[in-house]
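Letter by letter, the chains look like this.
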Amino acid sequence: MTQIRLNRRQMVQAIGATGAAAVAGCLGGDAEGNGAESDTSASEEGLPAAKDIDVDRIARDPTDIPDPVDWDEPREHDITIQTERVTAEIEPRVTFEYMTFEGQVPGPMIRVRRGDRVNLTFEVPEDMNKVGHNMDFHAVYGPGGGADATTIGPGDDPTEISFTADYAGVFIYHCAIPNMDMHISSGMFGSILVEPEDGLPEVDNEYYLGQHEIYTDGEVGEEGHHSFDFDAMLAEQPTYVVFNGQAYGFAPDGGQPMQANTGETARVYFANGGPNLLSSLHPIGNVWSRYYRDGDLLTDPEKNIETAPVAPGTTTAAEMEFPVPGPVKIVDHALTRAGRRGALGVVNVDGEPTRDLYDEDP
């Protein structure tokens, strides 16, 4: 175990702008439920070897967002969502079996206008799943937010529901079978954006991030295949707290940072899947110039918010400007999660300053 800790320290040093070093600027210093779905204990010999992966990257591209609404009359949208169980890396040489909507975390963003009709087809293919799933939309009037009608198991025919997006806002959706906490922790959550009739203010960039906890039978950074640990989940002691299923997946070293230019604006849609921990959403080196608390898109946004609580089961929206170049680090300001467990992403801002606000070498 000593060697494992040494490897982790070496990795944190190597990733530089990620991990603990990345938050230094802010710190001022350097019906189921029995657990039968997975093995929850590691052997005395340590974890089994890392498994072959099914996808190169579990993290959904944060720019994978439908275009803004450009119509002014109600429309119908035919949407199919399929569950996929995939093995992927939480971080290099650390594998885990995820349960997902459409193969990545978070599930695909759905974007409609208030009053639009959504015709949803939900599929659970038998060859990729072992248990039942469903979808609970927080934007849906109806039993379980649609979960009652969409509950199916492997081998069942696809199910269909139809709903009107009757209230504007940005909302989470997630699997809601009795073992929902495990399924959400394993990646089964996403967001639906219901734009107001008059649309949203135009921005230059939009990003889609989803935070969740991963509870495993290994330690942070321990190489091998991590299995889900129900005891850790019951104690609410996660191994990882990550954005889009991956530790430091949007950091400069080994990740794919988000990109922007000086003079531009950005809106972040941030879903906290949980299943248990509140997130303290903070942009290091910036503020949320307009913050739509709890995804409320109808009330005037709050201004110049430094850190905002995002409860489990909530998608929020927040905007910021980029007047000066340099990295803006989006973190959960429960900083052990950002520095040691994976909850950090970076926006690389390129270009010349648009205002004389900051001089790092006066």
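The model shown is predicted, which means the values in this text are computed figures rather than measured ones.

Definitions and limits used
Residues numbered from 1 in each chain as written. Predicted model: local features only at pLDDT ≥ 70, side-chain atom pairs only at ≥ 80, totals over all residues. Heavy atoms only, no water. Helix = DSSP H or I, 4+ residues; strand = E, 2+ residues; numbered from the N terminus. Buried < 20%, exposed > 50% of the residue type's maximum accessible area, 1.4 Å probe, protein only. Areas by Shrake-Rupley, 256 points an atom, 1.4 Å probe, with all protein chains shown as cover. Phe/Tyr/Trp six-rings, centres within 6.5 Å; stacked < 30°, edge-to-face > 60°. Salt bridge = Lys/Arg side-chain N within 4 Å of Asp/Glu carboxyl O. Pairing = 2+ DSSP bridges. Axes fitted to C-alpha atoms, helices over the stretch in contact; angles between N-to-C directions. Patch = residues over 30% accessible without salt bridge, like charges linked within 9 Å, V, L, I, M, F, W, Y side chains within 5 Å. Lys, Arg positive; Asp, Glu negative; His and termini not counted. Charge placed at Lys NZ, Arg CZ, Asp CG, Glu CD. Contact = heavy atoms within 4.5 Å. Polar contact = N/O pair within 3.5 Å; in protein donor to acceptor, adjacent residues only side chain to side chain.

**Student:** Would you mind going over the overall build of the chain in detail, with residue names and values included?
**Tutor:** Each helix and strand counted, the chain has 7 helices and 20 strands in total. Burial status across the chain gives 56% buried among its 362 residues. Just so you have it, the chain exposes about 15700 Å², and 44% of that area is on carbon and sulfur atoms.

**Student:** Help me get a handle on the packing of aromatic side chains, residues and values and all.
**Tutor:** Tallying each qualifying case throughout the model produces 10 aromatic pairs. Here the aromatic rings of F137 and Y173 are separated by 5.2 Å at their centres, their planes lie at 40°, and the arrangement is tilted. Here Y173 lies in strand 7 (residues 169–174) and F137 lies in strand 5 (residues 136–137), a separation of 36 residues in the sequence. Y173 shares its class with F137; the two are buried. Between Y167 and F171 the ring centres are 5.3 Å apart and the planes differ by 85°, which places this aromatic pair in the edge-to-face class. According to the relative accessible area criterion, Y167 is partly exposed, its value standing at 21%.

**Student:** Give a detailed account of the pattern of salt bridges, specifying residues and quantitative values.
**Tutor:** With the rule as written, the count across this model stands at 13 salt bridges. Across the salt bridge formed by E197 and R114, the nearest N and O atoms sit 2.7 Å from each other. Highlighted residues: E197 in the loop between strand 8 (189–195) and strand 9 (205–214) and R114 in the loop between strand 3 (110–113) and strand 4 (117–123), separated in sequence by 83 residues. A relative accessible area of 37% means that E197 is categorised as partly exposed. Using a relative accessible area of 30% as the deciding quantity, one classes R114 as partly exposed. Ionic pairing is found between R267 and E206, a salt bridge with its closest N-O pair at 3.1 Å. Linking R267 in strand 13 (residues 265–274) with E206 in strand 9, this pair joins segments that are 61 residues apart in sequence. With respect to class, R267 is no different from E206; both count as buried. Each of R111, E195, E206, R267, R290, E319 and E321 takes part in a single network of salt bridges with overlapping partners.

**Student:** Lay out the sheet that holds strand 19 (residues 326–332) with the relevant residues and their values.
**Tutor:** Read across the open sheet, the 5 strands follow the order 12-20-19-14-17; overall the sheet is mixed. On the outer flanks of this sheet lie strand 12 (258–261) and strand 17 (308–310), each paired with one strand and no other. Pairwise comparison of adjacent strand axes, ignoring direction, gives a mean angle of 25° for this sheet. As paired elements, strand 14 (residues 279–284) and strand 17 share 3 bridges and run antiparallel to each other. Residue S280 lies in a different strand from strand 17, and its bridge partner there is P309.

**Student:** I'd like a rundown of a negative patch on the surface, residues and numbers included.
**Tutor:** On the surface, D356, D359, E360 and D361 cluster together into a patch of negative charge. If you trace the backbone, E360 turns up in the segment after strand 20 (344–350).

**Student:** An account of the environment of N119 is requested, with residue identities and associated values reported.
**Tutor:** Summarising the element assignment, N119 is placed in strand 4. For the pair N119 and E76, spaced 43 residues apart in the sequence, the C-alpha separation amounts to 7.2 Å. In this structure N119 touches E76, H77, D78, I79, I161 and S162, once residues within four positions along its chain are discounted. Side-chain polar atoms of N119 contact the side chain of S162, separated by 2.8 Å.

**Student:** Lay out the sheet that holds strand 9 with the relevant residues and their values.
**Tutor:** Two pairing modes exist for strands in a sheet, parallel and antiparallel, and in both the strands are linked by backbone hydrogen bonds. Strand order in this open sheet of 6 strands is 11-9-13-18-15-16, and the pairing throughout is mixed. The sheet is open, and its two borders are formed by strand 11 (240–243) and strand 16 (302–305), each paired with just one other strand. Neighbour to neighbour, the strand axes of the sheet diverge by 25° on average, direction disregarded. Of the strand pairs in this sheet, strand 15 (residues 288–292) and strand 16 are connected by 3 bridges, and their pairing is antiparallel.

**Student:** Requested: an account of the side chain of E319, with residues and values cited.
**Tutor:** Along the chain, E319 turns up in strand 18 (residues 314–321). The class of E319 is buried, set by a relative accessible area of 1%. Engagement of the side chain of E319 in a polar contact is seen with the side chain of R290, the distance being 2.4 Å. In contact with E319, other than residues within four places in its own chain, are V203, A266, R267, V287, W288, S289, R290 and Y292.

**Student:** Break down the environment of P327 for me, citing the residues and quoting the values.
**Tutor:** As for its position among the elements, P327 is in strand 19. Using a relative accessible area of 47% as the deciding quantity, one classes P327 as partly exposed. Residues P327 and V346 lie 19 residues apart in sequence; the distance between their C-alpha atoms is 6.2 Å. Residue contacts for P327: discarding those within four places in its chain leaves I284, V346, V347 and N348.

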